[in-house]
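For reference, the chains in residue letters:
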Amino acid sequence: MKSFVKKIVYVAFIGIVSLFSSCQDEFEDVNGGNEEQTIQANSATASLIEKTTAFDGSYDDVVDESSCFAINFPYTVSINGAAAITITSMEDLQSIKVTLAGLDNGALEISFPVTITLSNHSEIVVENQEQLLELAGECVESSVEDHIKCIDFVYPIALFTFNVDNQMTGEVVVESDLQMRRFFSELEDDQLVSISFPITLKKSDGSEIIVENNEDLHMALSIAGNECDRNALNKEILDAFLLACQLEVREVLRENLDSTDQYFESIMTFSQDGTVVIGGGVSAPLTGTWTSQSTNNGVQLTLEFSALVDFSMTWDVYELEPGVIKLYKDGGNRIILKKRCDVDPVEEIDPNTLRAILNECEWVIKKVKNDGEEVRRLLGYGFQFMADGTVTLSNGVEVSEGTWEIGLSSQLQLALMITMGTEPGVSFEWPLRELTDTRLKFEVPGTDHEMTLLRVCNDNADDGDVVEIRNIAMDGPWNIALYKEAEVDLTTSFAGMDFDFSSMYQVEVSLNQDPIETGLWRVVRDSEEGLKCYLNFETDGDLLELTDDWKVVSITSTRIELKDDSEEGNLKTLVFEKP
């Protein structure tokens, strides 16, 4: 495309083609012949010819960030304020691309003034970065950036112009992209031009296409335009990108089946030795291999995992944006990965670590959801995981028993597997989603099953605030002085009720000194949300509305104020006072 002018033969038009009085087909026969079909100047084919013969400024996008122009050699740049680098060739630009691909944040500065060549092959001097950015912005706004960069015309080519009577009025022999581009850009919208076929097109891989007519020309240029972007990468740039940082999984599509939920936010770590590990935190790490290769169809990445079929394939790299790589394969297969230089490389998680954490203390249920529905009756219940593989679930009085183990789920994620026949709400393979010193979160991808547990060691006896709140609460009885949902006051629903908080996490509710209900209560410290008071009444009456994990706002010897932000966004307020 970037042919230099060796000889210009430019024969002036004998006349100007008149405006046609009726709508034209894109290809108009001249005197009934097929060899001299004409192209209207404002047709899609004429537009493809202009895009193909435009000056290709994409080769230095890494420097000027615009395909509409390129900076003429030589010029100098610097990266992150380091020593100046003189750019004199395509090889120098390639080195810049590789360097920047391997950096998390690479700031490149150009030394001005520089001379640039525009898409119409004209040259201008740019004095500063602001002027360069303005030109790049104009390019995007005018859609000039849509070049066809991977196919060229082979010159010379003869062009003919015609008048309204289908008489040839002129002949032009063009010998370069510059001449072809100027010829078509100077035509009026309604002018007609014919190409002397056959002509030859040369693809970026060196192969040639013989074109016999306008229809074939339109198709060849259209196909080339779709293939161009896939040829912009090479193996060296891809490798530098993969090895620079960790990559986070954002989308996985295999044979048109969306498996994103299963792998979302998993971390992939590519290593120089050809290994790749996926997992980290949410998944059991799995190790596979990777290789990259340049082909006639672009750059490809081959991933192989013995137990991960969704990733195991030779992928076409069809897009590499700043911080994002997109992989594609025919048949509805796609993977999108995001660069994450801020996270640590994936490391093997020892299942024994999770076993030890579960054995050490009690784990209190903060939330359980089955198919998106919260199982509120289990709020505040406590798990005890024993070393012999048995597990209990208790509200302080009633105890359910079952078994537990740590292993890989059916989706190859590190999971807590609970079997408890009397409590189906927790009997699942629970893939680990989050692990901290004080909290465990599990999720079953694609099912809306989730469970969050809080760590409670020695019944929080070492936490002075928790102990103080418990002692005050057990010095009852208490009445509800205020219960509001948003601005709706529902206090009267609990008029005359006495609440007695006792040990073993039990709260008894009486009306006129007659017991009417018992429930669960416990005070814990949530590492993320502060001091919490869990209330759980398994009833269908008004007391059910009090079932929640309440935030402790304030407490005195005669008053306890609790609040909660519901999932619907309504603030609830609950105040206990001594009678």
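Residues numbered from 1 in each chain as written. Predicted model: local features only at pLDDT ≥ 70, side-chain atom pairs only at ≥ 80, totals over all residues. Heavy atoms only, no water.

Caption draft 1: Local environment of unusual backbone geometry. Omega for the bond connecting phenylalanine 73 with proline 74 falls within 30 degrees of zero, at -10°, which places this linkage in the cis form. As for its position among the elements, proline 74 is in the loop between β3 (69–71) and β4 (75–79). A positive phi is found at asparagine 458, a non-glycine position, where the angle reads about 55°. As for its placement among the helices and strands, asparagine 458 is situated in the loop between β32 (449–456) and α10 (464–474). With a relative accessible area of 54%, asparagine 458 lands in the exposed category. (Helix = DSSP H or I, 4+ residues; strand = E, 2+ residues; numbered from the N terminus. Buried < 20%, exposed > 50% of the residue type's maximum accessible area, 1.4 Å probe, protein only.)

Caption draft 2: Quick peek at the pairing of strand β31 (residues 439–444). By the bridge criterion, 3 bridges tie strand β30 (residues 429–435) to β31 in an arrangement that is antiparallel. The residue of β31 that forms the bridge with glutamate 434 is lysine 441. Between β30 and β31, which pair antiparallel in sequence order, lie 3 residues. As paired strands, β31 and β32 are joined by 6 bridges and run antiparallel to one another. Its bridge partner being in β32, phenylalanine 442 is matched across the sheet by methionine 451. (Pairing = 2+ DSSP bridges.)

Caption draft 3: Seen up close, the state of the cysteines. The tally for this structure, following the rule as stated, stands at 2 disulfides. Here cysteine 245 is linked by a disulfide to cysteine 341, with a sulfur-sulfur distance of 1.6 Å. One quick way to see it: the torsion about the S-S bond of cysteine 245 and cysteine 341 is about 85°, and its sign makes the bridge right-handed. Of this pair, cysteine 245 sits in the loop between α7 (235–244) and β15 (246–254) while cysteine 341 is found in the loop between β23 (333–340) and α9 (351–360), placing the two residues 96 residues apart along the sequence. Judged by relative accessible area, which is 8%, cysteine 245 ranks as buried. Sulfur-sulfur distance for the disulfide between cysteine 361 and cysteine 457 comes to 1.8 Å. Taking the sign of the S-S torsion, 90° for the link of cysteine 361 and cysteine 457, the bridge is right-handed. (Disulfide = S-S within 2.5 Å.)

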